Each structure stands twice: as structure tokens, then as C-alpha cells.
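The residues making up each chain are set out below.
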Amino acid sequence: MMNIFRKDPGLATDSFYEIRAGCTDVPDTKFRIKGIHPSIRGEVWEFLLGCYDSKSTFDEREEIRHKRREAYAELKESCSHMFPVVGSGKFVTARVITSNGEPVQDPIVLLGTKHDDLATPQDEESVDLSAAPMVTREHDKEVIQWKLALHQIGLDVVRTDRTLVFYEKQENLAKLWDVLAVYAWHDKDVGYGQGMSDLCSPMIMLFEHEADAFWCFERLMRRVRGNFRCTGNTLGVEAQLDNLANVTQLVIPKLHRHLEHLGGGGYLFAFRMLMVLFRRELSFGDSLYLWEMLWALEYDPELFTLYEGGETHVHKITRKARRQYGKYERANRRSRARARGGPGSTAPFSIFVFLVASVLKDRSDKLLKEARGLDDVVKILNDVSGNMDARKACIGAMKIHKKYLRRQKNQ
């Protein structure tokens, strides 16, 4: 476990997540330790993401934690039986199966811990899978689909947060690969999609026990899994992009018309921001700070009950109980013109949609004056990386949300 307890709480947040020597293209952190201290961040995230009821006792949480660890062990064992590299402390970066179920013998497994030496043969080794069930042709379509994703998970793992000292260790890379591989089997409807490794990586760093990291990641995925769901030629995040277009059209109409004129009415330039929740626009520490601010704003104390399949009391909320909800969630519940997630949907827009709208508004003057094509739009927004003020963006997101609800009500 990282030795974070002896750190000075007055240091910048990134001092708790050491950067590898020689990495110069890393965004600087803009915040000192405020809000959730890194030493307790994992435990707080479990409440924010609905892993536990906010009213639960320590003993109740320990009982749930024990059951979840057992459930994860069973999931991982099932995956290991299908593909023995899972849980071995290694991971694959080469294909292990063809689309028609034929096994690829001796897939390459990364043994080295240095990312820079990834392609060096002496740092890679074949795994003897002669006794594994994959030596014969696989006929189960779900298993084939899962195995087809394993090498892509491996390729993404070695690219994820590669500037951090934490991921110089083979065991941490393997842990991230294991959690993502098990999740892909656990949620077969979505499986694995590129970008998930960026969302899972912080969990691996925050939780010493792999099962705890898995279930915290699983709760985060419940919020964003729709972004990764593919239907035909449509990716789920396109619904979020449509929501962003609706917000911008209503709140920043001049900019929306300009973007449409440039051919950017589909808002594909915001794809990455919504898929990986601003992980690439901020330093590692600041991105975590941003996440927990937004999760606190949209906090719902009924989330645990909802996820566990219990009965919620949406229509029986007292004024006292309403104060337990985050500011963003309270605004949605108060408003008669509630921000909906599309036709026929009862889910409000993700707060990240309003965060992206805040970024667009902050750069609207530059976009209107300098953007003469989509390449210009992308270039201007790429300048956000390393220069974004997360706190200011959150304040801007809430202002846009308030304005959106008011204008939607008056339509």
C-alpha cells in the first residue's frame, strides 16, 4: 500500500501519486489537499458511489464487504478456469482466440515492468496453456467474446497512467488487468470498452484489496456503462452528446449555431471528455478531486437501496431528508421541468454533460472568433488539457444547469 499517511496534508494532491522520473508532459496539479484526503478517499468513494448505505454501521459494512469479496473470488475463479492467466500475476497483450473460436497458442504475456521496454522480446514470455481448456475450439459465443477482449485490455493497461510510479510494478498492472477482465465477464452485455481502464485505474491505487477496487469500479460503471454500450453502429455515449447539444442549444444558442455551421452539431469533439470523465484534461490528482466534487453534487442517499434492488421512497421525501441529497440532485428534484435523459427517459442528464457545457461556455469567445472548421474546435478544446480549473468548471456547470432548468421550464 502507498505510504500516504506520513505525507504533509498541505502538499499538492499529486504528491500522493508519484510521477515517474523524466515524465515532463504531465499536467501540473492546481489544488492543495482540500475536501477528501487521499488517505481516506477510497472509503468515502464507496459511500458516494452507493457501495454502502450512508446510515449503515461498521459491522453491517464489514458483512457486506465480506460477501462481496467472496463473490469476486468466485467470479475471478470462473475467469481463471476459462483462461488461466487471470490471477497469475501476468496479463496478455496478444490475441488469445480468433473470432470463430480457434485458440491462438502461446499468447504473449508481459513479464517486464518497464513500459518503455514493452516491445523488447526478453521482457515477454509465452505462457504454457497446454493444460487449459482453451486448447480446443471454443463454441460458447459469450466466452469467445470475452476472450477476444483480453488482449485489448492488456494493450490499454500498459498505456494507462504510465507516468505514475505505481504502475512501474508488474503486480499493479496485472491487478488492473484482472479487475477489467473480470468486469468484462461480469457485465457481458457491455463487456470491455476502451476508456474503462482510465476509470478503473484510480480504484486500483486507492484500494489495497482487489475485490474492493472491483466493486467500487462496478458501481462507477453503473453510472456510465450506457456510454460503452454498442447497438449496431451506435455507441452509447452518443446519447450524452445529444444531451450536450440540447443543453448548448438552450443555454449558449449562438455557440451552438456556430458549431452546427462548422459541421460539429454532433459534438463528437467532446467524446473523450464524456467517455473518461476528464481524466485526460487534468492531472491525476485533480481529476480525482473533480470526480468527487461532482459525485457529491449529484449524491443520492437512496443509491445503495436502488442498486441492491430494494424499495426507494422517491415520492416520500421530507424537507429534512432532501438536505441529504447533493445540490445538483436537489435541483433536479425541485424543478418541475426536470432535466431528462432523452425522450421517454426519467433519468436526469449526467452532471458531466453540464461540465462539458461549462468548458464550452468558458471558451465560447475563442471558439466563435477563431474556429473556422472542426480542426480548430478540436485544437482550442485540446488546450484545456493542463489548463482547466476543476473548481471553476464545477461552479460553471451548476450555473448552466440552473439556467437550463429555468429556460426549459419556460419553453
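For the structure, see preceding data.
Bear in mind the structure is a predicted one, so any value in this text is a computation, not a measurement. Every residue gets a number counted from 1 within its own chain, in the order that chain's sequence is written. Only residues with pLDDT of at least 70 get local features here, since the model is predicted, and only at 80 or more are side-chain atom pairs given and counted; chain-wide, interface and lining totals rely on the full set of residues. Heavy atoms throughout the structure, all of them, feed into the side-chain values; hydrogens and water do not.

J.: Could you give an account of the overall build of the protein chain, with specific residues and numbers?
T.: We count a stretch as a helix when DSSP gives it H or I for four or more residues in a row; a strand needs E for two or more, and each element gets its number in order from the N terminus. Looking only at helices and strands, one finds 17 helices and five strands in the protein chain. We call a residue buried when its accessible area falls under 20% of the maximum for its residue type, exposed when it is over 50%, and partly exposed in between, using a 1.4 Å probe and counting protein chains only. Within the span of the protein chain, comprising 411 residues, buried residues form 51% of the whole. Between two residues, a contact is recorded if the distance between any of their heavy atoms is within 4.5 Å. Put simply, of all contacts in the protein chain between residues at least 6 apart along the chain, 70% involve residues at least 24 apart. As presented, the protein chain carries roughly 20,100 Å² of accessible surface, and 48% of it is formed by carbon and sulfur atoms. Each accessible area value is a Shrake-Rupley result obtained with a 1.4 Å probe; residue values ignore everything except the protein chains displayed when judging cover.

J.: Residue-level account of helix α5 (residues 196-206), with values.
T.: In terms of residue burial, α5 counts as a mostly covered element, since eleven of its eleven residues are buried. Looking at α5, one finds that the buried residues are Met196, Ser197, Asp198, Leu199, Cys200, Ser201, Pro202, Met203, Ile204, Met205 and Leu206.

J.: Now, about the packing of helix α7 (residues 237-251) against helix α14 (residues 351-362): what can you tell me, with residues and values included?
T.: Helix-helix packing is described using two parameters, namely the angle between the two axes and the distance between the axes. Closest axis-to-axis distance for the α7/α14 pair is 9 Å, and the angle between their directions is 50°. Between α7 and α14, the angle is such that the two are oblique. In this structure, α7 meets α14 at a crossing whose hand is right-handed. Contacts between α7 and α14 involve Gln240, Asn243, Leu244, Val247 and Thr248 from the former and Val353, Phe354, Val356, Ala357 and Leu360 from the latter. Along the lines of polarity and charge, the residues of the contact of α7 with α14 split into seven nonpolar, three polar and no charged. For every element, the axis is a line fit to its C-alpha atoms; helices are fit only across the contacting stretch, and the angle between N-to-C directions ranges from 0 to 180 degrees. When an angle is under 35 degrees it counts as roughly parallel; over 145 it counts as roughly antiparallel; between 65 and 115 it counts as roughly perpendicular; any other value is oblique. It is the rotation of the near helix from the far one that decides the hand of a crossing: anticlockwise by less than a right angle makes it left-handed, clockwise makes it right-handed. Residues are grouped as follows: Ala, Val, Leu, Ile, Met, Phe, Trp, Tyr, Cys and Pro are nonpolar; Asp, Glu, Lys and Arg are charged; all remaining types, including Gly, are polar.

J.: A description of helix α2 (residues 58-82) should follow, citing residues and the corresponding values.
T.: For α2, with 25 residues, the first-to-last C-alpha span of 36 Å sits near the 36 Å given by 1.5 Å per residue. Listed in full, the buried residues belonging to α2 are Arg61, Arg65, Arg68, Tyr72, Leu75, Lys76, Cys79 and Met82. Looking at the buried residues of α2, the elements they touch are α1 (41-48), α3 (141-157), α4 (170-186), α6 (210-228) and α11 (303-307). An expected span of 1.5 Å times one less than the residue number is assigned to each helix.

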